[in-house]
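In case you want the letters, here they are:
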Amino acid sequence: GRLSGTLDAPLFKGKLQVQNGAIADINLPSALSDINGTLQFNQNQVTIENLNAHVGGGTIGFTGHADIAGKLSSFQLRATANSVRLRYPPGVSSTANAELNWNGSASGSLLSGDITVTKLGFTPGFDFAAYLQRTAQVSSLPQTDPVLNKIRLDIHLATTPELQMQTSVIRLQGSADLRLRGSAAKPILLGRADVFEGEAYFNGTKYRLERGGISFT
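Computed from a prediction, not measured in an experiment: that's the story for all the values here. (Residues numbered from 1 in each chain as written. Predicted model: local features only at pLDDT ≥ 70, side-chain atom pairs only at ≥ 80, totals over all residues. Heavy atoms only, no water.)

A. Focus on the side chain of S109. Considering the arrangement of structural elements, one finds S109 in strand 8 (residues 108-122). On the accessibility criterion, S109 (5% relative accessible area) is buried. Within polar-contact distance, the side chain of S109 engages the side chain of W102 at 2.8 Å. Once you skip the residues sitting within four places of it in the chain, S109 turns out to touch F75, W102, N103, G104, K150, I151 and R152. (Helix = DSSP H or I, 4+ residues; strand = E, 2+ residues; numbered from the N terminus. Buried < 20%, exposed > 50% of the residue type's maximum accessible area, 1.4 Å probe, protein only. Polar contact = N/O pair within 3.5 Å; in protein donor to acceptor, adjacent residues only side chain to side chain. Contact = heavy atoms within 4.5 Å.)

B. View of unusual backbone geometry. Phi angles above zero are rare outside glycine, and D34 is one such case at about 50 degrees. If you trace the backbone, D34 turns up in strand 3 (residues 32-43). The phi angle at S83 is positive, at roughly 55 degrees, despite the residue not being glycine. Its place among the elements puts S83 in strand 6 (residues 74-86). Overall, S83 belongs to the partly exposed group, its relative accessible area being 42%.

C. A look at the nonpolar core. Counting residues in hydrophobic clusters, the biggest one holds 17 residues, and the most contacted among them are L32, L39, L51, I60 and F62. For this core, the secondary-structure elements that each account for two or more residues are strand 3, strand 4 (45-55), strand 5 (58-67) and strand 6. For this core, the leading source of residues is strand 4, giving five residues. (Core = buried A, V, L, I, M, F, W, Y, C linked by side-chain atoms within 4.5 Å.)

D. Quick peek at the pattern of salt bridges. Counted according to the given criterion, the structure contains seven salt bridges. For E99, the salt bridge is made with R78, and the minimal N-O distance between the two is 2.9 Å. With E99 in strand 7 (residues 92-105) and R78 in strand 6, the pair connects residues that are 21 residues apart, well separated along the chain. Using a relative accessible area of 31% as the deciding quantity, one classes E99 as partly exposed. (Salt bridge = Lys/Arg side-chain N within 4 Å of Asp/Glu carboxyl O.)

E. Representation of the environment of R78 in the model. For R78, a relative accessible area of 35% corresponds to the partly exposed category. Once the C-alpha coordinates of R78 and I48 are considered, the two residues, 30 residues apart in sequence, prove to be 9.7 Å apart. The contacts of R78, once residues within four sequence positions are left out, are G61, F62, T63, E99, L100 and N101. For R78, the side chain forms a polar contact with the side chain of E99, separated by 2.9 Å.

F. Expanded view of the packing of aromatic side chains. Enumeration according to the criterion identifies one aromatic pair in this entry. Ring geometry for F75 versus W102: centroids 4.9 Å apart, planes at 75 degrees, classification edge-to-face. One end of the pair, F75, is in strand 6; the other, W102, is in strand 7, with 27 residues separating them in the sequence. On the basis of relative accessible area, F75 is assigned to the buried category, the value being 12%. Accessibility expressed as a relative area gives 31% for W102, which makes it partly exposed. (Phe/Tyr/Trp six-rings, centres within 6.5 Å; stacked < 30°, edge-to-face > 60°.)

G. Layout of the pairing of strand 4. Here strand 3 pairs with strand 4 via eight bridges, running antiparallel. Each residue of the ladder has a partner; that of N42, found in strand 4, is Q45. In sequence, strand 3 turns back onto strand 4 through a hairpin of one residue. Two elements, strand 4 and strand 5, share nine bridges in a ladder whose sense is antiparallel. Looking across to strand 5, one finds that Q45 is bridged to D67. (Pairing = 2+ DSSP bridges.)

In structure tokens, the structure reads:
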């Protein structure tokens, strides 16, 4: 690469090759490993020509570019994930494919796209009713994070048809079609999840679930 300009406004032109990198942070739901790809620098612009990594047992690829004149003036980032497993919220494990776009600038941005859940699991001690109650409490709190407040959400979250979920006490078959709106500081979940059939075991008794649904309003 070649560095020019001044200390206050440096200009870099060249290419950065990433090989077998890794990123882990407490704010990330999963660590990234085996990061490989190429970043192209052309004065005030950086372009991700291709950048691939392993995360959550699956793969994720990035493309995009950003203008970095002084402060971050604008950026466009696209991520494609295949068979990535996330353990969030605590007690829930899901595997999904995703096509996400993050566009904007330092003053505000939009995270949008589609996520398709292919597998879903819960730990035996997971209490869904308690989780919904905590979610409602968090949604009623004021937005306090100035950075996350600037990231708006418009994500379509759906499951594969007749998705199956099973724990030690319950087996369900159903589907969900949800929309994640609001901001990263205060996400809002809208849509509906339906249970087509299922079985539950309590105190040695087997119960058959005919049909049910949950509306997120």
